[in-house]
Amino acid sequence: MSTLKLAIGNKNYSSWSLRPWMLLRHLGLAFEEVLLQLDTPQFKSQVAAWSPAARVPVLRDGDLAIWDSLAICEYASELAAGRGWPREPAARARARSLACEMHSGFQALRSQWGMNARAHNRRTAMTPELAADVARIDAAWSQCRAACGAQGPWLFGSEYTVADAMFAPVVLRFMTYGATLSAPAAAYRDAALADPILREWITAAEAEPWTIPGYE
Ligand SMILES: N[C@@H](CCC(=O)N[C@@H](CS)C(=O)NCC(=O)O)C(=O)O
């Protein structure tokens, strides 16, 4: 019986929850999933029982709470004997740089193209800030694919890494809002969208009965 429990928000909206969920599943780590419905009167009291930061995602391993998506990904990688990061040091450093860049940046993308896993054909005005974020992600993905595309479908080749997990919500956003991408970046988006584990999350998001107007 697994001692790991992952508290997440609504699968339709919670981009930060998606990231460690994807990694845990790709690493094959068994965990119990607990969904705390965002934007409800009970959310704050429910999440307070999980984490002092009062946000999802939170991983519990017995009495230990690990909050923040990137910290959870690091912990999961340690549980999996380092899988989740490329083995080769230079590739590992590049994967960490990309994961951290996503975790701390791309504000325009995050605010203007909110994740909505079940939404299609949404179109918004393109701002210079949003265009710059999309262009930077396109360049990063394209560079990864040029370096590692021969080894497999993921950013660093055959193994799914934290970098792929960190960009999973971006893959959904690019699908929802119809981002114009270069051929290598579009190929990565399409491969990531075809991932059965991500499809499972999208199917669950589509089945959720809740809508949060402020996130729509
Ligand atoms: N930096 C955090 C961000 C977590 C976060 O903002 N989570 C959102 C849901 S996606 C949340 O809990 N929002 C609830 C609230 O702010 O009340 C991480 O990487 O996990």
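For the structure, check the block above.
Figured I'd write up the structure that's included with this text. (Residues numbered from 1 in each chain as written. Predicted model: local features only at pLDDT ≥ 70, side-chain atom pairs only at ≥ 80, totals over all residues. Heavy atoms only, no water.)

The residue G152 is located in the loop between α6 (128–148) and α7 (162–177) in this model. Given the relative accessible area of 16%, G152 is considered buried. Here the alpha-carbon distance between G152 and M102, two residues 50 residues apart in the chain, equals 22 Å. Residues within four places of G152 in sequence aside, it is in contact with R145, G157 and S158. (Helix = DSSP H or I, 4+ residues; strand = E, 2+ residues; numbered from the N terminus. Buried < 20%, exposed > 50% of the residue type's maximum accessible area, 1.4 Å probe, protein only. Contact = heavy atoms within 4.5 Å.)

With that settled, the discussion passes to the pairing of strand β3 (residues 58–61). Summarising the sheet, strand β1 (residues 4–8) and β3 pair through four bridges and their orientation is antiparallel. Its bridge partner being in β3, L6 is matched across the sheet by L59. Bridge analysis of β3 against strand β4 (residues 64–67) gives four bridges, and the strand direction is antiparallel. Within the sheet, the bridge partner assigned to V58 lies in β4 and is W67. Where β3 folds back on β4, the antiparallel hairpin that results is connected by two residues, among which G62 adopts a positive phi of roughly 65°. (Pairing = 2+ DSSP bridges.)

A cis amide bond, omega 10°, links V56 with the succeeding residue P57. Position of P57 relative to the elements: it lies in the loop between α2 (43–48) and β3. For D68, which is not glycine, the phi dihedral falls at a positive 85°. Counting through the fold element by element, D68 comes out in the loop between β4 and α3 (69–79).

Let us now look at helix α4 (residues 89–104). With 16 residues, α4 should cover 22 Å at 1.5 Å per step; its first-to-last C-alpha distance of 22 Å lies within 8% of that length. For α4, the set of buried residues is A91, A95, L98, A99 and M102. The buried residues of α4 occupy one face: seen down the axis, they fall within an arc of 95°. In this structure, α4 carries P89 and S104 as exposed residues pointing more than 90 degrees from its buried face. At its buried positions, α4 is contacted by α1 (15–27), α3, α5 (107–112), α6 and α7. Two residues or fewer past α4, F106 is found with a positive phi of approximately 55°. (Expected span 1.5 Å × (residues − 1). Arc of directions from axis to C-beta.)

What follows concerns the site of the ligand. The environment of the ligand is formed by S14, W16, L38, F43, K44, R55, V56, P57, D68, S69 and H103. Side-chain polar atom of K44 to an oxygen atom of the ligand: 3.0 Å apart, as the coordinates give it. Protein chains bury 79% of the 520 Å² of accessible surface belonging to the ligand in isolation. When atoms are counted within 2 Å of each cavity's grid points, the one that captures over half of the ligand is the largest pocket. For the shell around the ligand, the residue count by class is five nonpolar, three polar and three charged. (Near = heavy atom within 4 Å. Polar contact = N/O pair within 3.5 Å; in protein donor to acceptor, adjacent residues only side chain to side chain. Areas by Shrake-Rupley, 256 points an atom, 1.4 Å probe, with all protein chains shown as cover. 1 Å grid on protein atoms, 1.4 Å probe; cavity = no way out; pocket = protein on both sides within 12 Å on 5 of 7 lines; lining within 4 Å. Sits in = over half its atoms within 2 Å of the grid points. Nonpolar A, V, L, I, M, F, W, Y, C, P; charged D, E, K, R; others polar.)

This part is about the packing of α3 against α4. Running from N to C, α3 and α4 point in directions that differ by 155°, and their axes come no closer than 10 Å. In terms of axis orientation, α3 runs roughly antiparallel to α4. For the pair formed by α3 and α4, the contact residues are S69, L70 and E74 on the first element and R96, A99, C100 and H103 on the second. Among the residues forming the contact of α3 with α4, the class breakdown is three nonpolar, two polar and two charged. (Axes fitted to C-alpha atoms, helices over the stretch in contact; angles between N-to-C directions. Parallel < 35°, antiparallel > 145°, perpendicular 65-115°, else oblique.)

In this section: the side chain of S15. Locating S15 in the fold gives a position in helix α1. Setting aside residues up to four positions removed in sequence, S15 forms contacts with M115, P169 and R173.

Sheets are built from strands that pair by backbone hydrogen bonding, the pairs being arranged parallel or antiparallel. Ordered in space as β2-β1-β3-β4, the four strands form an open sheet in which the pairing is mixed. Each end of this open sheet is capped by a strand with a single partner; those strands are β2 (32–35) and β4. Put simply, the sheet's adjacent strands are angled 20° from each other on average, direction ignored. Strands in contact with α3 are β1, β3 and β4; relative to β4, the strand with the most contacts, it is inclined by about 125°.

These figures come from the coordinates and say nothing about function on their own.
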